[in-house]
Amino acid sequence: MSGTNKGVDGGEKMSSGREASPDVPGNFDWPVAYEAERMLQEQVAAFLSMNNIARRLSGRMREETGTDFFEWIDHLVLPPESEKPLRDVGFVADEGVETPLGEMALHHPRATLPRVLLRPGPERRPSAIALRPESVADFMARHDLDGEIEGAPLSRYRRLLVSDENGARLEAVERHAYRGFTPAPLRPGELEALVRVKELWRTRKRIFANDGEGFELAGRLLGESLALVGRDRTCQIFFEEERAYWERRNRAARTQKFRQDQLGLGWGNHDHHTFRCSRGHFVDLTEFLLRLGFEKRERYYAGSEAGWGAQISEQSMAGIVVFADVDLMPDEIQVDFSINRLPSAPRLGTVGLWVGLHGESFLEAGMHHLEARFDFPLLREQLAAQGIKTMNPFSDFEFLRQAFTEGERWPVSRKRAERLLSARWITTEQCEKFINEGALGSHLENLQRHGGFKGFNQKSVSAVIAATDPRLSHFQPAAA
């Protein structure tokens, strides 16, 4: 961590630790917006005191999924007199967003906090809170709800009234790469196009003799997808399929997804998706993400300290953040590796070795991990009861707590191991060990943010990258 100073609402902000670069837009010293978070938490507490179903659901979320009701909130509906207090703590108008009655929508551009709709209502308390599960239909079925879903299946925005008690409406909404608040019918042929695009990404070939062919195929599929459903819907569908592929290869993911599905929630609490990439194909991954509508955020240069770099990117319409890792050599800390293709390196770091053993995250291996938002200590306890251990935290701040579950050990093919041996990137002993015992593949990451903190901690990430090097003893047991 490279220091703190005052943020937009008077709270501290934490530096991203990246080198300044003129081609990376924005200032990514993310504030810790405690006042803004506290204001919303007070509104949520008032709402839960009035709506019994919401209060019971909040309890079940904690007890059955290790998650916090607050992290599932899409938006709150507050009276117009809330505007000034919200603006005072950093909220601004969400320009160009469609609302049912022309209401103002507010968001905090520098924090991971729910949005607010301003609508005349009772006193200064929420008249509604909307949760955002992945599927409203799944949520409705799991809770045996009456009523009718507003908005057609797979349309941009769907809404369901869950309960209305004491003037406090609990709703569930489903979004498909859309930031507004008004349902709209599907256009003629759109349903068929959406189904076609989902099938394209679900069935795409991932294993190639030459990884370049895999990136080329993905590029062609992307062109077809963009023509059928556009950039934002393609992005949403692509990452749904990436999560599904990763989930099939990680027991902790399947266990936690099952728990969340019992409440009809799905992966609506995802925070970011992490890909490990080879030096030769990092630019290809970045270009693919840019075509999907991602914008570059922080770029980390750990260099000689840890031997890795990362580009963080965000697609705001689809609500997706990607953390992409790559090996870096000490003399490359000033290189923009997101646009300059890196040459072969004399040695493999943790990221390069993982790719050499398992393949590109973008292709055969799938994601290294999905990070989702939980009640940090509670999830650790609940997963331990399911026989899933958690590594020691690699971030343990008031505003950011992170830890991996014990890594899924994947088999390593003899061909891959011997290729690394012939290049003298691993020893004979390591080669045999990987062939016989496999190597760490993927994780689920337990994350808890406070103060709406949107960033990451470079020093902490360096520690966990080192801790997951396949050449080391990978698993650190949870602290007593």
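Residues numbered from 1 in each chain as written. Predicted model: local features only at pLDDT ≥ 70, side-chain atom pairs only at ≥ 80, totals over all residues. Heavy atoms only, no water.

Trainee: I'm lost on the overall build of the protein chain in this one. Help?
Mentor: Helix and strand content of the protein chain: 14 helices and 18 strands. Taking all 480 residues of the protein chain together, 59% fall into the buried category. Contacts in the protein chain between residues far apart in sequence, at least 24 positions, make up 72% of those at least 6 positions apart. In the structure as shown, the protein chain presents an accessible area of about 19,700 Å², 50% of it carried by carbon and sulfur atoms. (Helix = DSSP H or I, 4+ residues; strand = E, 2+ residues; numbered from the N terminus. Buried < 20%, exposed > 50% of the residue type's maximum accessible area, 1.4 Å probe, protein only. Contact = heavy atoms within 4.5 Å. Areas by Shrake-Rupley, 256 points an atom, 1.4 Å probe, with all protein chains shown as cover.)

Trainee: Explain the nonpolar core to me, please; I cannot follow it from the model alone.
Mentor: Looking at soluble globular proteins, one finds that nonpolar side chains tend to be buried together. Within the largest apolar cluster, 48 residues are counted, with the highest numbers of intra-cluster contacts made by W201 and F239. Listing elements by their share of this core, those giving two or more residues are α5 (190-202), α6 (211-229), α7 (231-248), α8 (251-261), α9 (282-291), β13 (320-327), β14 (369-373) and α11 (376-385). Take this core: its biggest share by element is six residues, from α6. The residues touching F239, leaving out its near neighbours within four places in the chain, are H273, F275, L289, L292, F294, I320 and V322. The next biggest cluster of nonpolar side chains, apart from the first, holds 39 residues, and it includes W72, A111, V136 and L170. (Core = buried A, V, L, I, M, F, W, Y, C linked by side-chain atoms within 4.5 Å.)

Trainee: Would you mind showing me how to read helix α2 (residues 52-65) here?
Mentor: Each full turn of the α-helix corresponds to 3.6 residues, which orients residues three or four apart in the same direction. In this model α2 runs 19 Å from its N-terminal to its C-terminal C-alpha over 14 residues, within 8% of the 20 Å that 1.5 Å per residue would give. Every buried residue of α2 is listed here: A54, L57, S58, M61 and T65. The buried residues of α2 occupy an angular sector of 105 degrees when projected down its axis, which confines them to one face. Within α2, the exposed residues directed more than 90 degrees away from the buried face are R56 and E63. Among the structural elements, α1 (34-50), β7 (128-131), α4 (136-142), β9 (168-175), α8 and α11 are those in contact with the buried residues of α2. (Expected span 1.5 Å × (residues − 1). Arc of directions from axis to C-beta.)

Trainee: Would you mind going over the pattern of salt bridges with me for this structure?
Mentor: Evaluated as defined, the whole model comprises 38 salt bridges. Residues R60 and E64 are paired through a salt bridge, measuring 2.8 Å at the closest nitrogen-oxygen approach. Of this pair, R60 and E64 both sit in helix α2, four residues apart, which is roughly one turn of the helix. Under the relative-accessibility criterion, E64 is labelled partly exposed at 29%. Among the ionic pairs, K198 bridges to E241, the shortest N-O distance being 3.1 Å. Taken as a pair, K198 in helix α5 and E241 in helix α7 lie far apart in primary sequence, 43 residues in all. (Salt bridge = Lys/Arg side-chain N within 4 Å of Asp/Glu carboxyl O.)

Trainee: I would appreciate a short explanation of the packing of aromatic side chains in the present structure.
Mentor: The geometry of an aromatic ring pair comes down to the distance between the two centres and the angle between the two planes. Applying the stated criterion across every chain yields a total of 20 aromatic pairs. Judged by centre distance (6.0 Å) and plane angle (85 degrees), the ring pair of Y300 and W308 falls under edge-to-face. Both residues of the pair, Y300 and W308, belong to the buried class. When the ring of W354 is compared with that of W410, the centres are 6.1 Å apart and the planes differ by 50 degrees; the resulting orientation is tilted. One end of the pair, W354, is in helix α10 (residues 350-358); the other, W410, is in strand β17 (residues 408-410), with 56 residues separating them in the sequence. Take W354 and W410: they sit in the same class, and that class is buried. By way of ring pairs, the aromatic residues W201, F215, F238, F239, F275, F288, F294 and F362 are connected into one cluster. It is R204 that lies over the ring of F362; its NZ or CZ is 4.7 Å from the centre. (Phe/Tyr/Trp six-rings, centres within 6.5 Å; stacked < 30°, edge-to-face > 60°. Lys NZ or Arg CZ within 6 Å of the ring centre and 35° of its normal.)

Trainee: I'm lost on the environment of R60 in this one. Help?
Mentor: According to the relative accessible area criterion, R60 is partly exposed, its value standing at 34%. Between the C-alpha atoms of R60 and L263, which are 203 residues apart in sequence, the distance is 8.4 Å. Residues within four places of R60 in sequence aside, it is in contact with T65, H143 and L263.

Trainee: I would appreciate a short explanation of the pairing of β9 in the present structure.
Mentor: On any regular strand, side chains alternate: one points to one face of the sheet, the next to the other face. A large share of β9 lies buried, amounting to seven of its eight residues. As paired elements, β7 and β9 share four bridges and run parallel to each other. Bridging across to β9, I129 finds its partner in L170. One ladder, built from eight bridges, connects strand β8 (residues 157-165) with β9; its direction is antiparallel. Each bridged residue has a counterpart across the sheet, and for S163 the counterpart in β9 is L170. (Pairing = 2+ DSSP bridges.)

Trainee: Whenever I open this one, the environment of A93 confuses me. Can you help?
Mentor: Here A93 lies in strand β4 (residues 92-93). Residue class for A93 comes out buried when judged on its relative accessible area of 19%. Among all residues touching A93, those that are not within four sequence positions of it are R87, A105, L106 and H107.

Trainee: How should I be thinking about the sheet that holds β9 in this particular structure?
Mentor: Adjacent strands of a sheet pair through backbone hydrogen bonds, lying either parallel or antiparallel. Taking strand neighbours across the sheet as the criterion, the seven strands line up as β4-β5-β6-β3-β7-β9-β8 in an open arrangement whose pairing is mixed. Two strands in the sheet have a free side with no partner beyond their single neighbour: β4 and β8. Bridging between strand β3 (residues 73-78) and β7 involves four bridges; their strand directions are antiparallel. Residue pairing in the sheet places I73 in a bridge with L131 of β7. Sitting on the sheet, α1 touches β3, β6 (115-118), β7, β8 and β9, and the angle it makes with β3 is about 80 degrees. This element, α2, spans β7, β8 and β9 of the sheet and lies at about 110 degrees to β8. (Axes fitted to C-alpha atoms, helices over the stretch in contact; angles between N-to-C directions.)

Trainee: Just to check I follow, could you spell out the side chain of R297 for this structure?
Mentor: Here R297 shows up in strand β11 (residues 295-301). A polar side-chain atom of R297 sits 3.0 Å from a polar atom in the side chain of E314. (Polar contact = N/O pair within 3.5 Å; in protein donor to acceptor, adjacent residues only side chain to side chain.)

Trainee: Sorry, what's going on with unusual backbone geometry here?
Mentor: Leaving glycine out, the prevailing phi sign among residues is negative, and the prevailing peptide bond configuration is trans. One non-glycine residue, L154, adopts positive backbone phi at about 70 degrees. Its location among the elements puts L154 in the loop between α4 and β8. Using a relative accessible area of 31% as the deciding quantity, one classes L154 as partly exposed. With phi around 65 degrees, R424 is a residue other than glycine that occupies positive phi space. Relative to the helices and strands, R424 is located in the loop between α12 (414-422) and α13 (428-437). Take R424: its relative accessible area is 77%, and that puts it in the exposed class.

Don't take any of this as a statement about function, it's just geometry.
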